[in-house]
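What follows is the residue order along each chain.
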Amino acid sequence: MADAGSDSAQEVGSEASTPSSSKRVMSLLSVLEISVTEPERRTGVTAINMKETYTVYLVETRITDMKSELLPETFTDETFSLWRRYSEFELLRNYLCVTYPAVVIPPLPEKKIHMMWQKLSGGEDKFDPDFIERRRAGLESFLLRVAAHGQLSQDKIFHSFLHQGEGWKEAVLATGYQNKMDSRLKTLNAQFRLKNPDRRFQDLKNYSSELEANIANLLKIRERLAERLYGIHKIHANYGRVFSEWSGIEKEMGDGLQSAGHFMDVYAASIDSMLEEEDTYADALKEYLYFADALRSICRKQELLQYEVEKLEDKLVYLSSQKQQMEQGVDVKSGFSLKGMTTKLFGADTPEVREKKIKQLEEQIQQTEEQLQAAKWELSTYIERSLQDVERFKRQKVRDLREIFINYSIMQIKLCKKGISLWNNTKECFTKM
Amino acid sequence: MADGTDSGFSEGQPSGPGGYSGPISPDIDPLNITTSTVDLEESLDMGAEGDAKSTRDDITALTQSSLAGLRLDDALASDVHDLFVTVDDPEKHITNMESYITYRVTTKTTRSDYDSHEYVVRRRYQDFLWLRERLEATNPTHLIPPLPEKHSFRRLDRFSPEFLKTRQAALQKFLSRIVDHPTLSFNENLTIFLTAKELASHRKQAQGIMGKMGSSMRSMAAGYMLKNRSPEYATMQEYVNTFGAKMGTIDRINQRLLKEMTDYQQDLREFGPVFTLWSNSETELAPAMLGMAGGVEKCEKALEQQISDQEHVFAPPVKEYILYAEAMKAVLKRRDSIQMEYELTIEELNRKRNDREQLKMSDQSYSLGAFLGKDPEEVRQQKRTKLDTQIEELLKQVEVSNDSVECANADLKADLERWHRNKRRDVKEVFSELCDRNIQYYQECLSAWEETLQEINQKSELETASTLATPTSSCPATPNLATPTSSITPPLPATPTKDGTEGGAGDGEKQ
């Protein structure tokens, strides 16, 4: 279902509210190169004194424009590198999620293998070189996306992630972001019954589910296809072997068969590099699988905020009617009212007590009204910001997905051309026999 | 080239006449070459060899240009071919007892030993089997071409059109090879097969089962016991064994390939629709996704064709050569047994000669005859006469046997030479064909993906150019984030249109 999220009014409105808006915002990425390389195994000790092995990655940065204003002040060295492990990336991401709730935060590569079909391809072992390499690529992509985001790229914690060797973890914890996180995390898991769910976010939720389902499906089938194609090519190596053996007993046909066998071996070997390339596109698609999750969490936050608003509205209505009843209770002489009954039974409040109660209620009402205003303001700001970032995300998504499809098609074209050339060569071996 | 007669064999050498197997039935003739029938009939009426040859040249020219499916089986310039046979038109017959298929066998000939110029009969597989058995029995020294196997295992349906087509082609080839053989083509069993209205009565002739068994037992032992077998026969034996084994391996590889390719095709069938389904959630990317779906579908179709070709065009000739290797083993055995007989005869002769020598010096006084009252000298004389007769018989037998051996060797040599020539040509053609099919498959896939690429790129021209990788980009490993992307919308110039087509420039489009 197509997402009908924002309209032009949203975007125009958002321009004014976001800081540093200009025609085309350059982000940190335009002056800084980031790469994640050289995974290495380390051993260390956990918090409970148990030995552990883990992988660290080298995060390198290189400044391409030393004079740029976009550069944080702390970035003084043209090139800089430091080691980071996966849990630190996770920490960074959690921090960003809590600190910028209205932003679609880029995903990290998976921590564990959770899909069956991945297990089959040997990715289960977290020290498997293939798994580590693909994770490395995912981590790099994460950093690049953060650096490309106008708002995220300006975050100090992000900067120090890139440039602060010691004490970065402590710095993150010092921000106290966890406090913000805990209270919200608990409620984030609940479902919210909203009286007037926002249509835009409902659509967004549906869209993200579809996106996730479609990509998951695609990846599953492509994995199967890759295995089959691999099998088909490798079987041709058997042709190579039998042609070679056969050539031994033939006189005139010997040379032709021998060369043909050689080409069959080439054909069999040619699939490896193609499948490696295809893996990178599959990984790029997988990123968007996780992005779907990020979209959903945006929706959940909106629901939470709206829930707060509705709750407060309800409270206000209740308090107001309480007050009304209180006030009416003074004048009622005729007609049945519960207050009247209890008054008769237990004695009425004295006028002073009643006054006090009414005053209390008025205070509460005042308080609630203020809270409601604040909640409403928070909700509307959130909606504005999040929808705007969702739009940015969507545009990026279109670009990214299109590029993936283009590259995949180019790869297929390359494969076909290789195949044509190879079978032509093989044919020549036979026609010249 | 999936025509009916020869699975995958294209024409042979244009020089000289060959075993032109006759016109193809229009039903299974994709190249529509039945027009050649008319020319052929006219040419066959000419009796003179010279005329026939020039017409053959015409035929050959015609063959070259349009009859790519017909096969000239024998390139010997000296052979005269005046017998042409076609197999076509499979028909199903259902009786109370069984159901079976018959094929129409059409013969056209100018030979004088045939009563008529043309014959049309219907034959079933059993009849072909009979013919082959008879040929083997009457021509033990010759290599008899193989018949396709009785049962097909891959397709359990023995009446499926593909199976019938393949079998028909194999039967055609079988007959063509016989007709092209200088000796076999004159065999009376062949004549009966081609001309008799009804074969059942002929088939009931005693086939000499006991004799067959006896000779087969002898031939089994022959190979091991031959004393004077020339090493070339051992070489031949080795070659045939290895060749047969290699053909078997190739056949098994084929089967595996077919299975994998079929599985791959199944998965491809699921792959395309996922893109189509996904395109329903997207507006801007929908054309690109539909383009992907289209590309995958076209590849799947190409693969379907490739699988069919692999199974019906490439596999049958390989199987046939496996059977040919078996036929060669059989004829080698028979040759061995003929030589065996010769050697046994010589042994016998030598034994008798030895006996005769012994007799001269022996003392017959203690022989049985003397015991019965005969004069020992007379006994000696009698025995001597008997031995002389035997030796004379044996000498004759040895001569005959020697002739047999020489004939057998000559026949075998000639047949093998012919076989090697044909094999080389067949291998060239069959495997070139296989390569062609693969090339075609990849070409179809190539154009499918080029089209897809175009469709994907079409939309992109309307997008911000700076953020796109051009088709010539060489390192697409990570998603393109090299150029800055803004998290904040630049001023939106145009209002987005509903149907997803961009009204204005800039990246203010939806999704």
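Residues numbered from 1 in each chain as written. Chains lettered and ligands numbered in written order. Predicted model: local features only at pLDDT ≥ 70, side-chain atom pairs only at ≥ 80, totals over all residues. Heavy atoms only, no water.

For chain A, the helix and strand inventory stands at 12 helices and three strands. Across the 433 residues in chain A, those meeting the buried criterion constitute 50%. Put simply, of all contacts in chain A between residues at least 6 apart along the chain, 79% involve residues at least 24 apart. Carbon and sulfur atoms make up 51% of the accessible area of chain A, which amounts to about 21,800 Å² in all. (Helix = DSSP H or I, 4+ residues; strand = E, 2+ residues; numbered from the N terminus. Buried < 20%, exposed > 50% of the residue type's maximum accessible area, 1.4 Å probe, protein only. Contact = heavy atoms within 4.5 Å. Areas by Shrake-Rupley, 256 points an atom, 1.4 Å probe, with all protein chains shown as cover.)

Before going further, it helps to examine the environment of Arg334 of chain B. All names here are of chain B. With respect to the secondary-structure elements, Arg334 resides in helix H9 (residues 286-361). With 74 residues separating them in the primary sequence, Arg334 and Ala408 have C-alpha atoms 8.8 Å apart. Discounting residues that sit within four places of it in the chain, Arg334 has contacts with Glu136, Asn139, Pro140, His142 and Ile144.

Between helix H8 (residues 199-247) of chain A and helix H8 (residues 231-279) of chain B, the shortest axis-to-axis distance is 9 Å and the interhelical angle comes to 165 degrees. With respect to their mutual orientation, H8 of chain A and H8 of chain B come out roughly antiparallel. As for the relative orientation of H8 of chain A and H8 of chain B, their crossing is left-handed in sense. Taken together, the residues that form the contact of H8 of chain A with H8 of chain B break down as 25 nonpolar, seven polar and 10 charged. (Axes fitted to C-alpha atoms, helices over the stretch in contact; angles between N-to-C directions. Parallel < 35°, antiparallel > 145°, perpendicular 65-115°, else oblique. Left-handed = near helix turned anticlockwise from the far one by under 90°. Nonpolar A, V, L, I, M, F, W, Y, C, P; charged D, E, K, R; others polar.)

Residue and element names in this part refer to chain A. The residue Ile215 is located in helix H8 in this model. Residue Ile215 is classed as buried on the basis of its relative accessible area, which comes to 0%. Taking the C-alpha atoms as reference points, Ile215 and Gln202, 13 residues apart in sequence, are found 20 Å from one another.

Counting residues in each nonpolar core, the largest one holds 128 residues, and the members touching the most others are Phe243, Trp246, Phe405 and Phe430 of chain A together with Ile250, Trp278 and Phe431 of chain B. Going through the elements one at a time, H8, helix H9 (254-269), helix H10 (271-331) and helix H12 (351-431) of chain A together with H8, H9 and helix H11 (376-460) of chain B are the ones with two or more residues in this core. Considering every element that reaches this core, the biggest residue donor is H12 of chain A, with 27 residues. The contact partners of Phe405 of chain A, leaving out residues within four places of it in the chain, are Phe275, Trp278, Ala288, Met289, Met292 and Ile456 of chain B. In this structure, Tyr57, Leu144, Ile157 and Trp168 of chain A belong to the second largest nonpolar core, which totals 39 residues. (Core = buried A, V, L, I, M, F, W, Y, C linked by side-chain atoms within 4.5 Å.)

Residues and elements named next belong to chain A. Here the structure, examined in full by the defined rule, presents 61 salt bridges over all chains. The closest approach of N and O atoms between Asp283 and Arg134, which form a salt bridge, is 3.0 Å. Taken together, the positions of Asp283 in helix H10 and Arg134 in helix H4 (residues 129-148) put the pair 149 residues apart, joining distant regions of the chain. For Arg296, the salt bridge goes to Glu212, with nearest N and O atoms at 2.9 Å. Taken as a pair, Arg296 in helix H10 and Glu212 in helix H8 lie far apart in primary sequence, 84 residues in all. You can call Glu212 partly exposed: its relative accessible area is 27%. Taken together, the salt bridges that share partners define one network made up of Arg134, Arg222, Glu223, Glu278, Asp279 and Asp283. (Salt bridge = Lys/Arg side-chain N within 4 Å of Asp/Glu carboxyl O.)

What follows covers the pairing of strand S2 (residues 51-63) of chain A. All names here are of chain A. Here strand S1 (residues 32-45) runs beside S2; their pairing, made up of 12 bridges, is antiparallel. In the strand pairing of S2, Thr37 is matched with Leu58. In terms of strand pairing, S2 meets strand S3 (residues 79-85) through seven bridges, oriented antiparallel. Across the sheet, residue Val59 finds its bridge partner in S3, namely Leu82. (Pairing = 2+ DSSP bridges.)

On to a nonpolar patch on the surface, then. Residue and element names in this part refer to chain B. On the surface, a nonpolar cluster with roughly 430 Å² of combined accessible area is contributed by Leu368, Phe371 and Leu372. Topologically, Leu372 is positioned in the loop between helix H10 (368-371) and H11. You can call Leu372 exposed: its relative accessible area is 67%. (Patch = residues over 30% accessible without salt bridge, like charges linked within 9 Å, V, L, I, M, F, W, Y side chains within 5 Å.)

Before going further, it helps to spend a moment on the sheet that holds S3 of chain A. Residues and elements named next belong to chain A. Here we have three strands laid out as an open sheet, ordered S1-S2-S3, and antiparallel in their pairing. Single-partner strands in this sheet number two, and they are S1 and S3. Strand after strand, the sheet turns through a mean of 20 degrees between neighbouring axes, direction not considered. The sheet strands contacting helix H5 (residues 156-163) are S1, S2 and S3, and the helix crosses S3 at an angle near 95 degrees.

What follows covers unusual backbone geometry. Residue and element names in this part refer to chain B. Even without being a glycine, Asp89 presents a positive backbone phi close to 55 degrees. Here Asp89 is to be found in strand S1 (residues 83-94). The class of Asp89 is buried, set by a relative accessible area of 19%.

Two numbers describe a pair of packed helices, the interaxial angle and the distance between the axes. Residue and element names in this part refer to chain A. At a minimum axis distance of 12 Å, the contact between helix H2 (residues 86-99) and H4 shows a crossing angle of 30 degrees. Comparing the axis directions of H2 and H4 gives the class roughly parallel. Like other packed secondary-structure pairs, H2 and H4 cross with a definite hand, here left-handed. Every residue of H4 that contacts H2 at Tyr86, Phe89, Leu92, Arg93 and Leu96 is listed here: Arg135, Leu139, Phe142, Leu143 and Val146. Tallied by class, residues from the contact of H2 with H4 come to eight nonpolar, no polar and two charged.

This part covers the environment of Tyr324 of chain B. All names here are of chain B. Considering the arrangement of structural elements, one finds Tyr324 in helix H9. Measuring from C-alpha to C-alpha, the distance between Tyr324 and Pro148 comes to 9.9 Å, with 176 residues separating the pair along the chain. Among residues more than four places away in sequence, those in contact with Tyr324 are Leu143, Pro145, Pro146, Arg177 and Trp419.

Another aspect to go through is the domain arrangement of chain A. All names here are of chain A. Segmentation of chain A into domains returns domain 1 (28-189) and domain 2 (223-328 + 352-432). Taking the mean C-alpha position of each, domain 1 and domain 2 sit 19 Å from one another. Counting from both sides, the interface comprises 23 residues of domain 1 and, opposite them, 25 residues of domain 2. For the pairing of domain 1 and domain 2, the buried interface totals around 2,100 Å² over both sides, and the portion due to carbon and sulfur atoms is 55%. Put simply, domain 1 and domain 2 have five salt bridges between them. The shortest N-O distance in the salt bridge between Glu110 and Lys286 comes to 3.6 Å. Counting the contacts that link domain 1 with domain 2 gives 10 residue pairs in polar contact (both at pLDDT 80 or more). Elements that contribute at least two residues to the side of domain 1 that touches domain 2 include exactly H2, helix H3 (116-120), H4 and helix H7 (177-188). The residue makeup of the side of domain 1 that touches domain 2, split by class, is 12 nonpolar, six polar and five charged. (Domains from an automatic or database assignment. Buried area = accessible area lost by both parts, 1.4 Å probe. Polar contact = N/O pair within 3.5 Å; in protein donor to acceptor, adjacent residues only side chain to side chain.)

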